[in-house]
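Each chain, written out:
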Amino acid sequence: MLEDGLSYPLSGDNTLGRIVIGSLLVAGSIFVIPMFFLFGYLVRVLESTARNEPEPPEFDDWGKMFVDGLKGVVVTLVYGILPFALIGVSFTLSVGGASSGNDAAAGLLGGVGVIGLLASFVGLFVLYYLVPAALTNMAVEDSIGAAFDFSLLKDVLLSFDYLIAWLIPFGIAFVAQLLTSALVTFTFGIGIILVPTIQFYVNVSVFYMFGSAFGKVTGISPSRSASTAGIA
């Protein structure tokens, strides 16, 4: 899975053009709007890899890509409500306890705040584990409601293939961070222009792993192009 994931972004035709566009969207995400197009493309990657398509999707049908990105953000925010709310409440309790001037209150509120923070971090790990599967089902079914179809998602989430797809990206992200730091440090900041490219490449690789694991577990029907490639 790791080897296939790392080679996937370079597959197919127009690789350079695809990576350039993706890199520009990553860099432009600070202006918010490009972020939705980027997220929409990554959702498209989830669908195509779930259907075992051999090549990354192209940047086309920009209107649908934007809508898919918007839906993906909504799904992520819905799943993130609980852990992010816990972080906010925990931080508020900790600050409130520290500023109360009462040692007993500070200790109690601080302790509750720490427990809340620990729970929220666990929630963030669960969020990272659950959301890619939810987004893949949303993309495959072309329905935002499919992101909350727990009867199907539980089979994916409890599978070994999906667990591996969840673990490997931690290593990829660590290596990517080292590479990014080295580029910025040893090129006196000039290498920072390559950071968006690295981020896009890593994201496509990681989303490939999630999508392909989803497709393997669910046995989803391949696309016409994937079927044709298999026959060839």
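Conventions adopted
Note on numbering: residues in each chain are counted from 1, in written sequence order. Only residues with pLDDT of at least 70 are given local features in this predicted model, and only at 80 or more are side-chain atom pairs given and counted; all residues enter the totals for whole chains, interfaces and linings. With hydrogens and water stripped out, all remaining heavy atoms of the structure feed into the side-chain values. A run of DSSP states H or I qualifies as a helix once it reaches four residues; a run of E qualifies as a strand once it reaches two. Both are numbered from the N-terminal end. Working rule for contacts: check all heavy atoms of both residues, and any pair within 4.5 Å makes them a contact. Centres within 6.5 Å are what make two rings of Phe, Tyr or Trp a pair, Trp counting through its six-membered ring; a difference in plane orientation under 30 degrees is then read as stacked, over 60 as edge-to-face, and the rest as tilted. UniProt positions are given in the numbering used here, feature names are shortened, and annotations may be inferred rather than shown by experiment. Each axis is a line fitted through C-alpha atoms, taken for helices only over the stretch in contact, and angles between the N-to-C directions span 0 to 180 degrees. The scheme is simple: roughly parallel for angles under 35 degrees, roughly antiparallel for over 145, roughly perpendicular for 65 to 115, oblique for anything else. Each helix crossing is assigned a hand: it is left-handed if the near helix lies turned anticlockwise from the far helix by less than a right angle, otherwise right-handed if that turn is clockwise. Any N or O atom pair separated by 3.5 Å or less is treated as a polar contact, with the protein-specific requirement of one donor-capable and one acceptor-capable atom, and with residues adjacent in sequence counted only for side-chain atom pairs.

*Asks:* Would you take a moment to explain the overall build of the protein for this structure?
*Replies:* Of the regular secondary structure elements, the protein holds 9 helices and 0 strands. Ordered by position in the sequence, the α and β elements of the protein form the string α-α-α-α-α-α-α-α-α. Pairs at least 24 apart in sequence give 77% of the contacts found in the protein among residues at least 6 apart.

*Asks:* Got a minute to help me understand the packing of aromatic side chains in this structure?
*Replies:* For any pair of aromatic rings, the description rests on two quantities: the centre-to-centre distance and the angle between the ring planes. Following the criterion strictly, the structure yields 17 aromatic pairs and no others. Ring plane angle 25° and centroid distance 5.8 Å describe the contact between Phe 59 and Trp 62, whose orientation is recorded as stacked. Put simply, the rings of Phe 36, Phe 37, Tyr 41, Phe 59, Trp 62, Phe 66 and Phe 200 pair up and form one aromatic cluster.

*Asks:* How should the UniProt feature "transmembrane region" (unreviewed entry) in the protein be read in this particular structure?
*Replies:* Following the UniProt record, one finds the feature "transmembrane region" (unreviewed entry) at residues 20-43, 73-93, 105-131, 152-176 and 182-202. Along residues 20-43 one finds 83% helix and 0% strand; the C-alpha atoms at either end are 18 Å apart. Strand forms 0% of residues 152-176 and helix 92%; the C-alpha atoms that close the span are 32 Å apart.

*Asks:* Hey, could you run me through the packing of helix H2 (residues 15-28) against helix H3 (residues 33-50) in this one?
*Replies:* Geometrically, a packed helix pair is captured by the angle between its two axes and the distance between the axes. For the pair H2 and H3, the least separation of the axes is 8 Å and the interaxial angle reads 135°. Here H2 is positioned oblique relative to H3, judged by the angle of their axes. In this structure, the crossing between H2 and H3 has a hand that is left-handed. Across the interface between the two elements, Arg 18, Gly 22, Leu 25, Val 26 and Gly 28 of H2 pack against Pro 34, Phe 37, Leu 38 and Tyr 41 of H3.

*Asks:* Help me out: how do you make sense of the side chain of Thr 15 in this one?
*Replies:* Tracing the backbone shows Thr 15 in helix H2. Only 3.3 Å separates the side chain of Thr 15 from the backbone oxygen of Leu 10, close enough to count as a polar contact. Sequence-distant contacts of Thr 15, that is, excluding residues within four places in its chain, are made with Pro 9 and Leu 10.

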